[in-house]
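Residue-level structure breakdown
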Amino acid sequence: MLRDYLTISVRSLASRKTRTYLTMIGIFIGIASVVALIGLGEGLRLAISSQFGFLGTDVLSIQASGLNFAGPPGAAVANPLTGDLTDKIKKVKGVETVINRYLESAPVEFNDKQVISIVYSMPDGTDRQALESMVNIKAMSGRMLKDGDGKKVMLGHDFTKELSFGKDVAVGDRILIKGIEFEVVGLLEKKGSFILDSSIGMNEDVLIELFKNDNTINAIAVKVKDEKEINDVKSGIEKLLRKEREVKEGEEDFVVESPQSVLDSLDSTLFAVQMFVIIIALISIVVGGIGITNTMYTAVLERTKEIGIMKAIGARNSIIFTLFFIESGLLGLIGGIIGILLGLGFAYGSASAGRALLGVEIIRAHVPTMLIVMSLMFSVIIGLLAGIIPAYRASRKTPIDSLRYAK
Amino acid sequence: MGEKYILELIDVWKIYRMGKIDINALRGVNLKVKLGEFLAVMGPSGSGKSTLMNMIGCLDVPSKGSIYLDGHDISKLYESDLAQLRGRKIGFVFQQFNLIPTLTAIENVMLPMIFQNIKREERVRKAEKLLDIVKLGDRRYHRPTELSGGQQQRVAIARSLCNDPEILLADEPTGNLDSTTGQEFMQFLRKLHTEEGKTIIMVTHDREIAKNADRTEFLKDGKIAKNI
């Protein structure tokens, strides 16, 4: 029977398409904005998470903070980190390994084309394995760097794609870094992090010789003994650094952060933005719902005669109520579906347009299935709620008055 | 009571209150209709014809008096029960055809059966048969706007018959038809009466049309009169 009522309701909506679509505008703008903006926010969150994802949850990173406009992290700050800190940090309770990280940007040439890339350092000895497992990098082809490798480098996965130099780089190829020839000994597996995938690994001593003329380091990676104590270790290091760098609490010119803490703060910011979007969109949907109520009232009035006819030929009040209730729910459902499609189109379309125009890989959309399901349910519920009073009014009409209507 | 009669109205009054004035639309109507009878009700406008039709059609209940339909007193029923009763026992044919414009001919015919929870296959079978009877088998999937007045009225007849009602109630059924189509329609109604034995109650103001009935009752000032 429900199928028959559905047919009747669909016919009735189809017979006044313009009004149906106009009515649904409020709903689908609301739903589309929820889907699109949350989808983009979620995509951004995932993209950023994947940038951090290569670091384990037992790793802290220390950077000097302050002015940091360009270049690799930790470059161009007022008071950079220095190499002598390493041994002191090692003594902080709970610290397992401390590794100095050198990051430099450099012109890289291959196939007569030049790009600017980040070169990172690989330490010698046991620290090398520690860093490899910390960052979780593996060679896809060729091999990893080893101690004593001189003018040799390993490249991130993105170099295997044509886009950097117009030609794939292969193991054994020679590239110029800062004008000096290096041999590519290995290509790394894809990490999904655009920073790591487009960077070049070089032994620490070679990097220092090529770039450094002072004792500064860009970052310090600290592996803690016990993941559960990461916050205590973090406090310990902060206390040490405050003392060493002679700054008061609250005025730190450095940051000690775990990948998790960065993600957490990012999450809370995105959450606030998403809540704001949801509230705005909710207003739109509620206004849309009022639009549906209005349209349903008009429909009840217009179809008073039809209601009378149906009652005359045996429709009970509950049937009339059901017909209008379904119709109103359908307005919500169709509005929701169109809204979701528009939202998906907008989210994925604008993300890919953004990537194409700005060349920024991080602009991605990700619309969780749950969001789609919830949006659809919400729009149907709004549609149904909006229809309750008009449907009730319709069901209470007396057959004789209705039949006489507009006679 | 009502053993021989399919419909019996006993001292039926309908009083409408218009502001402070009471208007007596029906003033003690007594009427008996036998099973299988073809009755015409005639009367000038304002005589209470429509009100009477509404009472017989279970669309409204009397202010006073009783109406027995198939032996059951319907004068004190509530709307939902009346709706159920109408759907099963009464077939309506209106002056203005009153088809649902968004539905096709066959869907219009099936509508009363939907309201009676009849299974789809059964509905389709019956609706097709009825449309064949009214010679509209080839117009099943046409909407009312794509049909002529006569064709629409035949769809309405098919619709009114789909639940095998006890009484066919026709309210000025030829009022919106030209005389030829009107005559054809009346022949069809007559045939339905003579061949199928349907009880038909028809309201009309046209004496020629009323002649098709077995008996004519006149209504004047809310009462059954000898003549008008």
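Residues numbered from 1 in each chain as written. Chains lettered and ligands numbered in written order. Predicted model: local features only at pLDDT ≥ 70, side-chain atom pairs only at ≥ 80, totals over all residues.

This part covers the overall build of chain A. Scanning chain A from terminus to terminus reveals 12 helices and 13 strands. Computed over its C-alpha atoms, the radius of gyration of chain A comes to 31 Å, more than 25% above the 22 Å expected for a compact globule of 407 residues. Overall, chain A is about 100 × 50 × 35 Å in size when its C-alpha atoms are taken along their principal axes. For chain A, buried positions account for 40% of its 407 residues. Here the analysis covers contacts within chain A between residues at least 6 apart in sequence; of these, 81% occur between residues at least 24 apart. (Helix = DSSP H or I, 4+ residues; strand = E, 2+ residues; numbered from the N terminus. Rg over C-alpha atoms; globule rule 2.2 N^0.38 Å. Buried ≥ 20, exposed ≤ 12 C-beta atoms within 10 Å, placed from the backbone. Contact = placed C-beta atoms within 7 Å.)

So, about the confidence of the model for chain A. Of the residues in chain A, 92% have a pLDDT of 70 or more, and the chain-wide mean is 85. Confidence, expressed as mean pLDDT per element, reaches its minimum in chain A at helix α5 (residues 194–197) of chain A with 74 and its maximum at helix α11 (residues 369–396) of chain A with 93. (pLDDT = per-residue confidence, 0-100.)

Right, let's talk about helix α4 (residues 120–133) of chain B for a bit. Residues and elements named next belong to chain B. Taking 1.5 Å as the rise per residue, α4 with 14 residues should run 20 Å; its terminal C-alpha atoms sit 20 Å apart, in good agreement. Of all the positions in α4, only Arg123, Ala127, Leu130 and Leu131 are classed as buried. For α4, the buried positions fall inside an angular range of 100° around the axis, keeping them on one side. Exposed and facing more than 90 degrees away from the buried side of α4 are Glu121, Glu122 and Arg125. Its buried side turned inward, α4 meets α3 (105–115) and α5 (149–161). Just beyond α4, the residue with positive phi is Lys135, at close to 60°. (Expected span 1.5 Å × (residues − 1). Arc of directions from axis to C-beta.)

Residue and element names in this part refer to chain A. A sheet is described by the order of its strands in space; here 4 strands give the open sequence β3-β12-β1-β13, paired in antiparallel fashion. Two strands in the sheet have a free side with no partner beyond their single neighbour: β3 (95–101) and β13 (254–257). Across the sheet, the mean angle separating the axes of adjacent strands is 15° when strand polarity is ignored. Sheet analysis places β3 next to strand β12 (residues 219–224), joined by 6 bridges and oriented antiparallel. Looking at β12, one finds that Ile99 is bridged to Ala221. (Pairing = 2+ DSSP bridges. Axes fitted to C-alpha atoms, helices over the stretch in contact; angles between N-to-C directions.)

Residues and elements named next belong to chain B. Of all 6 residues that make up strand β8 (residues 199–204), 6 are buried, and the element is covered over most of its length. A two-sided burial pattern is seen for β8, the buried positions comprising Thr199, Ile201 and Val203 on one face and Ile200, Met202 and Thr204 on the other. The pairing of strand β3 (residues 38–42) with β8 spans 5 bridges and is classified as parallel. In the strand pairing of β8, Leu39 is matched with Ile201. Handedness of the β-α-β unit built from strand β7 (residues 167–171), helix α6 (residues 179–196) and β8 comes out right-handed. (Right-handed = clockwise from strand over helix to strand, strands pointing away.)

Moving on, we come to the packing of α5 of chain B against α6 of chain B. All names here are of chain B. Where α5 contacts α6, the two axes come as close as 10 Å, and the packing angle between them is 20°. Classified by the angle between their axes, α5 and α6 sit roughly parallel to one another. As α5 runs across α6, the sense of the crossing is right-handed. Residues Gly149, Gly150, Gln153 and Ile157 of α5 form the contact with α6, whose participating residues are Thr181, Glu184, Phe185 and Phe188. (Parallel < 35°, antiparallel > 145°, perpendicular 65-115°, else oblique. Left-handed = near helix turned anticlockwise from the far one by under 90°.)

Once that is clear, we can look at the interface of chain A and chain B. With 17 residues of chain A at the contact, the number on the chain B side is 21 residues. For the side of chain A that touches chain B, the secondary-structure elements that each account for two or more residues are α1 (2–14), α9 (304–312), α10 (317–358) and α12 (399–404) of chain A. Per-class residue counts for the side of chain A that touches chain B are 8 nonpolar, 4 polar and 5 charged. (Nonpolar A, V, L, I, M, F, W, Y, C, P; charged D, E, K, R; others polar.)

With that settled, the discussion passes to the sheet that holds strand β9 (residues 215–220) of chain B. All names here are of chain B. The mixed open sheet is built from 6 strands, whose spatial order is β6-β7-β8-β3-β9-β10. Looking at which strands have only one partner, the edges of the open sheet turn out to be β6 (90–93) and β10 (223–225). Between one strand and the next, the sheet's axes are offset by a mean angle of 25°, whatever the strand orientation. Running over the sheet, α5 touches β6 and β7 and is turned about 170° from β6.

This part covers unusual backbone geometry. One non-glycine residue, Glu246 of chain A, lies in the positive phi region at around 55°. By the secondary structure assignment, Glu246 of chain A is in the loop between α7 (230–245) and β13. A tally of 8 C-beta atoms within 10 Å means that Glu246 of chain A is categorised as exposed. In the Ramachandran plot, Lys135 of chain B falls in the positive-phi region, its phi being about 60° despite a non-glycine side chain.

A separate point is the environment of Ile382 of chain A. Residues and elements named next belong to chain A. Within the element layout of this structure, Ile382 appears in helix α11. By C-beta crowding, Ile382 is classed as buried, having 28 other C-beta atoms within 10 Å. Residues Ile382 and Ile180, 202 residues apart in the sequence, show an inter-C-alpha distance of 67 Å. Excluding its chain neighbours within four sequence positions, the residues that come into contact with Ile382 are Ile27, Ile285, Gly288, Gly289 and Gly332.

Attention now moves to the confidence of the model for chain B. Mean pLDDT over chain B stands at 90; residues scoring 70 or higher make up 98%. This complex was scored by the predictor with a pTM of 0.73 and an ipTM of 0.90.

We now examine the packing of α10 of chain A against α11 of chain A. All names here are of chain A. In the contact formed by α10 and α11, the axes pass within 7 Å of each other and the chain directions differ by 150°. Our classification of the angle between α10 and α11 gives roughly antiparallel. Regarding α10 and α11, the two cross each other, and that crossing is right-handed. Class assignment for the residues of the contact of α10 with α11 results in 17 nonpolar, 13 polar and 2 charged.

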